[in-house]
Amino acid sequence: MINKIKKSIKDSEKGSISYSDFISLALYDQDGGYYMKDRKKIGKEGDFYTNSNVHSVFGKVLARIFVQLVQKDVLPPTICEIGAGTGRLASFILDEWEKIDPVTFAQLNYHIIEMSPYHRREQLSTIQKIEKVCQYESIDEMFGKIGKYTGFVLSNELFDAFPVDVLQRKGNEIYEARVTVEDDALKEVLIPCERVELLNWLRKNGIALRDGQRMEIPIAMNKWLDESSVWLEKGIMFTIDYGYTKEEWMEPIHREGSLRGFYKHQMIRDPLLYPGDMDVTTHIHLDTLIEKGEQVDLTFLAMLKQYQFLLRGGILEYLQEHYDPNPFSEVSKQNRAIRNLLLDDGISASFTVVIQKKELPNITIDDVLLYNL
């Protein structure tokens with residue numbers, strides 16, 4: 001992988017490539033990209049954990065929310081999960097849906113968009129009710145087969161893995177951070193930014209970088225949202241990810257940006273290390289997700305911390321009050337998982353849930369979530 005990146009740099013006019021080009025190669029290259037390789041990435045044997053690794057109760061809450069909306073005839077029993085990874089979350093949702101409402105489960109269609117051949121194979125063995133699932137390599141493939149989509153759209157840690165570009169202010173100048181080769185190693189280089197689309201993104205979002213501050217620019221996420229207007233006809237979109245608001249981005253603690261890697265469960269501050277063998281990720285721009293969504297008819301319903309979302313979604317309904325002396329029983333494990341998901345300093349404190357709708361003018365957040373807190 002590193003040789004392909006070096007060749008791309010050598011062939012470039014500037015003697016360097018953008019961070020977005022580097023991330024695209026490091027993560028998604030067909031031959032050597034991290035997500036395309038036949039190796040474990042998620043869980044104990046991989047490089048990072050996701051919400052679905054905590055316990056099936058996360059999927060159970062999502063299933064409850066989806067089912068009650070189907071029962072109200074808000075949407076048909078159809079889910080599109082984008083970037084489903086191992087398929088654990090899909091499996092938990094399917095299992096719980098069948099328990100809650102076998103009638104609508106019989107009509108349920110579950111679409112998975114997953115570009116990684118390795119993860120598509122994992123899903124086939126992970127998802128017990130695989131007959132309910134249609135797998136696609138891309139949204140274009142799904143669109144070509146079923147046309148415009150109506151239903152629930154779910155993504156769990158999708159946008160944080162999208163390629164980003166990086167800008168940094170030094171004095172009165174805005175520089176683009178790019179990737180070059182120095183002493184046969186990948187190195188970052190700063191050059192005055194000549195890319196109008198990046199400078200326009202700062203201007204349109206009202207962001208004035210401070211001296212020394214750097215920030216990731218989510219051009220790829222913006223493009224994805226633009227393209228959603230082509231394939232999404234009507235639905236509710238649930239985005240679960242870690243990110244910052246504009247106000248949070250300007251806090252001193254975030255002045256160095258958020259681009260980093262995860263390798264064998266260790267956070268790596270230099271994203272240029274281990275290309276093809278390390279996950280590269282950023283915090284997403286939450287306000288951009290919401291504001292750009294409005295421009296493509298995705299109406300904002302709510303932005304909640306994950307623990308708030310789980311509480312309003314009814315996670316406490318799964319808390320068993322009776323004492324179980326066996327710490328390894330299913331009841332004990334589920335109770336522990338619920339408490340961990342609701343802790344102020346647990347995994348849920350790092351994640352935000354953004355809920356948006358399209359072509360559902362009368363639906364409010366109180367219709368979507370089960371409880372007001």
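These lines cover the structure that appears in this document, whether it is placed above or below.

Scoring rules and cut-offs
- Residues numbered from 1 in each chain as written.
- Predicted model: local features only at pLDDT ≥ 70, side-chain atom pairs only at ≥ 80, totals over all residues.
- Heavy atoms only, no water.
- Phe/Tyr/Trp six-rings, centres within 6.5 Å; stacked < 30°, edge-to-face > 60°.
- Buried < 20%, exposed > 50% of the residue type's maximum accessible area, 1.4 Å probe, protein only.
- Helix = DSSP H or I, 4+ residues; strand = E, 2+ residues; numbered from the N terminus.
- Pairing = 2+ DSSP bridges.
- Core = buried A, V, L, I, M, F, W, Y, C linked by side-chain atoms within 4.5 Å.
- Contact = heavy atoms within 4.5 Å.
- Axes fitted to C-alpha atoms, helices over the stretch in contact; angles between N-to-C directions.

**Brief notes about the packing of aromatic side chains**
Then comes step 1: Scanning all chains against the criterion turns up 13 aromatic pairs.
Then comes step 2: Between the aromatic rings of Tyr28 and Tyr35, the centroid separation amounts to 5.6 Å while the plane-to-plane angle is 20 degrees, which identifies the pairing as stacked.
Then comes step 3: The exposure class assigned to Tyr35 is buried, which follows from its relative accessible area of 12%.
Then comes step 4: For the pair Trp224 and Trp231, a centre-to-centre distance of 6.0 Å together with 70 degrees between the ring planes defines the contact as edge-to-face.

**So, unusual backbone geometry**
Then comes step 1: Look at Glu157: it is not a glycine, yet its phi comes out positive at around 60 degrees.
Then comes step 2: With respect to the helices and strands, Glu157 occurs in the loop between strand E5 (149-156) and strand E6 (165-170).

**Regarding the pairing of strand E12 (residues 260-263)**
Then comes step 1: Two strands pair when backbone bridges link them, and E12 and strand E14 (residues 279-281) are joined in this way by three bridges, in the antiparallel orientation. Note that in E14 the partner of Arg260 across the bridge is Thr281.
Then comes step 2: Bridging between E12 and strand E13 (residues 266-268) involves three bridges; their strand directions are antiparallel. Paired with Phe262 across the two strands is Met267, which belongs to E13.
Then comes step 3: A loop of two residues connects E12 with E13, the two strands running antiparallel in sequence, and Lys264 in this loop sits at a positive phi of about 55 degrees.

**What about the nonpolar core?**
Then comes step 1: Counting residues in hydrophobic clusters, the biggest one holds 49 residues, and the most contacted among them are Phe238, Phe309, Ile355 and Val368.
Then comes step 2: Here the element with the most residues in this core is helix H3 (residues 57-71); it accounts for 10 residues.
Then comes step 3: Residues within four places of Val368 in sequence aside, it is in contact with Ile65, Gln68, Leu69, Ile236, Phe238, Leu301, Ile355 and Ile363.
Then comes step 4: In this structure, Tyr149, Val153, Leu232 and Leu289 belong to the second largest nonpolar core, which totals 24 residues.

**With respect to the sheet that holds strand E4 (residues 133-136)**
Then comes step 1: Judged by pairing direction, the sheet is mixed, and its seven strands sit side by side in the order E4-E3-E2-E5-E10-E17-E16 without closing on themselves. Unpaired on one side and paired on the other, E4 and strand E16 (299-305) mark the two borders of the sheet. Each adjacent strand pair in this sheet contributes to an overall mean axis angle of 15 degrees, direction not counted.
Then comes step 2: As paired strands, strand E2 (residues 78-82) and strand E3 (residues 109-113) are joined by five bridges and run parallel to one another. Bridge pairing in E3 links Thr78 to Asn109.

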